[in-house]
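Architecture and fold: a report
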Amino acid sequence: MHFLEQFANWKFYLIGSYPHGEMGGLTANIMLAAVALLSSSIVSILLGYGRLSKNKFISLPCSWFIDIVRSIPLLMIVFWFYFFLPYIFGGHVTIFKSAAFALFIYASSYQAEIVRAGILAVPMGQMEAAMTIGLSKNQAMRYIIFPQAFKIMIPTYVSFFVSLFKDTSIAYIIGVVELTQSGVIVSQRQPDRIFAAYLCVAMGFWIVSFSMSSLAKMLEKRLGRLSLESMFVK
Amino acid sequence: MAITVPELTWATQNIESLTFRGIEATTIATVLYIIMSAIMVGIILWLEKILKIDMTSMTKSKV
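Values in this document were obtained by computation on a predicted structure and should not be read as measured data. (Residues numbered from 1 in each chain as written. Chains lettered and ligands numbered in written order. Predicted model: local features only at pLDDT ≥ 70, side-chain atom pairs only at ≥ 80, totals over all residues.)

**Looking at the overall build of chain B**
Here is the rule we go by: Each helix corresponds to a stretch of at least 4 residues labelled H or I by DSSP, and each strand to a stretch of at least 2 residues labelled E; elements are numbered beginning at the N terminus. The burial criterion counts other C-beta atoms lying within 10 Å of a residue's C-beta, which is placed from the backbone; the residue is buried at 20 or more, exposed at 12 or fewer, and partly exposed between these limits.
Helix and strand content of chain B: three helices and zero strands. The secondary structure elements of chain B, listed N-terminal to C-terminal, are α-α-α. Taking all 63 residues of chain B together, 8% fall into the buried category.

**Considerations on helix α1 (residues 8-19) of chain B**
Applicable threshold: One less than the residue count of a helix, multiplied by 1.5 Å, gives the span that helix is expected to have.
Taking 1.5 Å of rise per residue, twelve residues should cover 16 Å, and α1 of chain B covers 16 Å from first to last C-alpha, within 8% of that figure. Phe-20 of chain B sits one or two residues past α1 of chain B and shows a positive phi near 60°.

**Here's the deal with the interface of chain A and chain B**
Stated precisely, the cut-off is as follows: Remark: residues whose backbone-derived C-beta atoms lie within 7 Å of one another are considered to be in contact.
Contacts between chain A and chain B engage twelve residues on the former and twelve residues on the latter. At the level of elements, α4 (56-71) and α5 (74-89) of chain A are the ones that each hand at least two residues to the side of chain A that touches chain B. Sort the elements by how many residues they give to the side of chain A that touches chain B and α5 of chain A lands first, with seven residues.

**A closer look at the nonpolar core**
All names here are of chain A. Inclusion rule: For the purposes of this analysis, a nonpolar core is taken to be any set of buried Ala, Val, Leu, Ile, Met, Phe, Trp, Tyr and Cys residues that are connected through C-beta atoms within 7 Å.
With 44 residues, the main nonpolar core has Ala-36, Ile-77, Ala-99 and Leu-103 as its most contacted residues. Taken together, the elements giving at least two residues each to this core come down to α3 (25-51), α4, α5, α6 (95-121) and α8 (137-167). For this core, the leading source of residues is α6, giving 13 residues. Contact partners of Leu-103, with chain neighbours within four places excluded, come to Leu-32, Ala-36, Asp-167 and Thr-168. Judged by nonpolar contacts, the second largest core, of eight residues, contains Phe-12, Leu-179, Ala-196 and Cys-200.

**Quick notes on the packing of helix α7 (residues 124-132) of chain A against α8 of chain A**
When two helices pack together, their arrangement is given by the angle between their axes and by how far apart the axes lie. All names here are of chain A. As a reminder of what qualifies: Only the stretch in contact is used when fitting a helix axis, every axis being a line fitted to C-alpha atoms; angles between N-to-C directions are given from 0 to 180 degrees. Roughly parallel means an angle under 35 degrees; roughly antiparallel means over 145; roughly perpendicular covers 65 to 115; every other angle is labelled oblique. Two helices crossing with the near one rotated counterclockwise from the far one by less than a right angle form a left-handed crossing, whereas a clockwise rotation gives a right-handed crossing. Polarity classes work like this: nonpolar for Ala, Val, Leu, Ile, Met, Phe, Trp, Tyr, Cys and Pro, charged for Asp, Glu, Lys and Arg, and polar for all others, with Gly in that last group.
With their axes 10 Å apart at the nearest point, α7 and α8 run at an angle of 155° to one another. By the angle between their axes, α7 is roughly antiparallel relative to α8. Between α7 and α8 the crossing geometry is right-handed. On α8, the residues touching Gln-126, Met-127, Ala-130 and Met-131 of α7 are Ala-140, Ile-144, Ile-145 and Gln-148. Considering only residue class, the contact of α7 with α8 consists of six nonpolar, two polar and no charged.

**Here's the deal with the packing of α6 of chain A against α8 of chain A**
Residue and element names in this part refer to chain A. For the pair α6 and α8, the least separation of the axes is 8 Å and the interaxial angle reads 150°. Here α6 is positioned roughly antiparallel relative to α8, judged by the angle of their axes. Judged by the twist between their axes, the crossing of α6 over α8 is right-handed. Of the residues in α8, those in contact with Leu-103, Ala-107, Tyr-110, Gln-111, Ile-114, Val-115, Gly-118, Ile-119 and Ala-121 of α6 are Ile-145, Ala-149, Phe-150, Ile-152, Met-153, Thr-156, Tyr-157, Phe-160, Leu-164 and Asp-167. Broken down by class, the residue content of the contact of α6 with α8 amounts to 15 nonpolar, three polar and one charged.

**Some points on the environment of Ile-185 of chain A**
Residue and element names in this part refer to chain A. Along the polypeptide, Ile-185 turns up in helix α9 (residues 179-189). Owing to 17 C-beta atoms within 10 Å, Ile-185 belongs among the partly exposed residues under this scheme. Along the primary structure Ile-185 and Ala-197 are separated by twelve residues, whereas in three dimensions their C-alpha atoms are 9.1 Å apart.

**A look at unusual backbone geometry**
Residues and elements named next belong to chain B. In the Ramachandran plot, Thr-4 falls in the positive-phi region, its phi being about 50° despite a non-glycine side chain. Along the chain, the position of Thr-4 falls in the segment before α1. Even without being glycine, Phe-20 reaches a positive phi, approximately 60°. Here Phe-20 is to be found in the loop between α1 and α2 (22-51). Taking the C-beta count within 10 Å as the criterion, Phe-20 has 8 such neighbours and is therefore assigned exposed.

Right, dumping it as structure tokens:
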């Protein structure tokens, strides 16, 4: 079995050539996804809430940004941040940083739509009820609307994180040694075992994605359904 | 692009390797992508407008 022999390369698939070089392999995928998710979750709340703003000077730039980023492919965003923005503004950016930044921009615009949908999904009566008991609009947003919106957002948010983790494999195209790239390197070194190498890559992605999506199911059972039941079913 | 299917992104990389004018090619490709998705969004919004069910008229007709 060629496939079982591939397990001799497990260290390269998991951390790349780390002690002697840059961190790579599956760890790079997870790091890219984590960096992009953590930074974008803050910016996406601002963008999504800004898009709902009644002030045109806030809502129009937010919706332009979201629409433009959402309408160009992720590959194009990665190209822009790696090849052209350093060229225009000068300076040198490492591949890992530019891939993380491109994924951050991509994730923040997609999550902004999740945030907007979550805020809009809270029934209008909640806002009206909050206003009648004398809360200001900001207080109502902070104490009434946002906590409920977050509970609605959680399932979508986690499934987006799983898909973002899979999208980190696009960093392969600019040369980050993540899991796909390490599979390519192994298959180039042993050209007769291409199938086994890519099978290992697929297994690495599957293990992480499957464990995340089953975690999401548990979370959904505990949080999502409970909050929705308490909100809509009397 | 990654498996060299000759689509738009591949074409920009090809133009860059032939003429060394990457920024111009990528800008045009980005604008083309934005136009294409804007057209699609327009079609979907038009469909949404056509297929919208007017809830108020439905309840009135039942009463």
